Amino acid sequence: MSINHIRPWRHIERRKSRQIHVGNVPVGGDAPIAVQTMTNTLTTDVAATVAQVQAAAEAGADLVRISVPDKASSRALKEIVRESPVPIVADIHFHYKRGIEAAEAGAACLRINPGNIGDEKRVAEVIRAARDHNCSIRIGVNAGSLEKHLLEKYGEPCPEAMVESGLDHIRILQDHDFHEFKISVKASDVFMSAAAYQQLADATDAPIHLGITEAGGFVSGTIKSAIGLGQLLWMGIGDTLRVSLSADPVEEVKVGFEILKSLGLRHRGVNIISCPSCARQGFDVIRTVETLEQRLAHIHTPMSLSIIGCVVNGPGEALMTDVGFTGGGAGSGMVYLAGKASHKMSNEQMVDHIVEEVEKKAARIEAAQEAAE
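Below, the structure is looked at part by part.

Analysis parameters
Residues numbered from 1 in each chain as written. Predicted model: local features only at pLDDT ≥ 70, side-chain atom pairs only at ≥ 80, totals over all residues. Heavy atoms only, no water. Helix = DSSP H or I, 4+ residues; strand = E, 2+ residues; numbered from the N terminus. Buried < 20%, exposed > 50% of the residue type's maximum accessible area, 1.4 Å probe, protein only. Contact = heavy atoms within 4.5 Å. Pairing = 2+ DSSP bridges. Axes fitted to C-alpha atoms, helices over the stretch in contact; angles between N-to-C directions. Core = buried A, V, L, I, M, F, W, Y, C linked by side-chain atoms within 4.5 Å. Arc of directions from axis to C-beta.

### Some details on the overall build of the protein
Step number 1: Across its full length, the protein carries 12 helices and 15 strands.
Step number 2: Principal-axis analysis of the C-alpha atoms places the extent of the protein at approximately 75 × 45 × 40 Å.
Step number 3: By the burial criterion, 51% of the 373 residues in the protein qualify as buried.
Step number 4: Long-range pairs, those at least 24 residues apart, make up 62% of the contacts in the protein with a sequence separation of at least 6.

### Observations concerning the sheet that holds strand 14 (residues 332–337)
Step number 1: Across the sheet, which stays open at both edges, the 5 strands sit in the order 11-12-13-14-15 with mixed pairing between neighbours. The two strands at the open ends of the sheet, each matched to only one other strand, are strand 11 (270–274) and strand 15 (340–346). For this sheet, the mean angle separating the axes of adjacent strands, direction not counted, is 20°.
Step number 2: Of the pairings in the sheet, the one linking strand 12 (residues 303–308) to strand 13 (residues 323–327) comprises 4 bridges and is parallel in character. Within strand 13, the residue paired with Ile307 across the bridge is Phe325.
Step number 3: Seen against the sheet, helix 12 (residues 350–372) touches strand 11, strand 12, strand 13, strand 14 and strand 15 and runs at an angle of roughly 160° to strand 12.

### Regarding the nonpolar core
The nonpolar side chains of a soluble globular protein tend to be buried with one another.
Step number 1: Ranked by internal contacts, the top residues of the largest apolar core, which has 79 residues, are Leu77, Leu110, Ile137, Met162, Leu210 and Leu233.
Step number 2: Beyond its immediate sequence surroundings of up to four residues, Leu77 is in contact with Ile66, Val68, Ile88, Ala90, Ala102, Ala105 and Ala107.
Step number 3: Ranked by size, the runner-up nonpolar core spans 21 residues in total, among them Ile272, Leu305, Phe325 and Val335.

### A short note on the sheet that holds strand 6 (residues 109–112)
Step number 1: One open sheet accounts for 8 strands, arranged 8-7-6-5-4-3-10-9; its pairing is parallel. Looking along the sheet, the strands with just one partner apiece sit at the ends: strand 8 (181–186) and strand 9 (209–210).
Step number 2: Bridge count between strand 9 and strand 10 (residues 240–242): 2 bridges; the pairing is parallel. By the bridge assignment, Leu210 is partnered in strand 10 with Leu241.
Step number 3: Packed onto the sheet, helix 3 (residues 96–105) meets strand 5 (88–92) and strand 6 and runs at close to 165° relative to strand 5.

### Details of the environment of Gly264
Step number 1: With respect to the element layout, Gly264 can be found in the loop between helix 9 (249–262) and strand 11.
Step number 2: As for Gly264 and Ile308, which are separated by 44 residues in sequence, their C-alpha atoms are 22 Å apart.

### Some remarks on the side chain of Ser184
Step number 1: Looking at the secondary structure, you find Ser184 in strand 8.
Step number 2: Leaving out residues up to four positions away in the same chain, Ser184 has contacts with Arg138, Ile139, Gly140, Val141, Tyr197 and His209.

### So, helix 10 (residues 285–295)
Step number 1: Within helix 10, the full set of buried residues consists of Val285, Thr288, Val289 and Leu292. Take helix 10 and look down its axis: the buried residues cluster within an arc of 95°, on one side only. Exposed and oriented more than 90 degrees from the buried face of helix 10 are Arg287 and Gln294.
Step number 2: Taken together, the buried residues of helix 10 touch strand 11, strand 12 and helix 12.

Shown next as structure tokens:
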């Protein structure tokens, strides 16, 4: 029976996985699902890369991945790691020596691709470097770069081929008595990804990193990721995730958190509940919500805010949020605090007023948390 006896339909039973550490971030077990993104600057441009890492961290990223394609990038990585506020995952393809250099440079995790990293002897050298430098490993299987023998065996990329690739490399790591690893089986096809992850979840207790790879631009990629990752998370599968978008890495972090927030798996910042607006609206809902999203981006304390244009659903939604505003016509609306109607406020002043109320509520929550610690 669900432990959520009040609303059992909201309960997600997470898959039981081993816990590892990526730097100081626990992954798997009962740890929060970690949100990751990846820089798109040249790694050799240390200043630009560090700035992007810091922006992603400020947006809530727990981990940031950085590509290490050459020796110059390996050298730059050492300085980037030193200045990063979050653990760095080094993205390694083709050149196993880059993996060794990244471990030496202080990367917290090495992402290696079974389809192009090389034979078991080379993997063994990467494992040795990871162990020597207290570095974890992610086995990153991609449908677009599967090993030749698996493509010949299965005829095309498919869930079975992806899982077999991943399990083969798990065996290599375990044969070398290395267990600080997580694994992903990504494809750009939502169906293939979901099927592969479900099979993988049944085949190993390793922490699983979720992603729909090469998902597309901001809108299309967000939708594909929400569908693919959402259904897996709903099933309890996933210990870390990255939303792969052709967009600013900060947007990847925001979308990742929104997916987790919608399922009650992570809570960060203000969750705005708003109507799509219609002819009944008592104020410009769309413009107001856009402004509030920007004005409240600095709030990290989990809170809920309802912004509803009229009294059809406004009072009901406000009952379930920390702060609410419902349009009532005649140039003003009702402010709700802790689910109860509190006072009227003019439309002209309501944005500043709502920001003030949210900030005050956040401060009270934070003070209570500090007092309880």
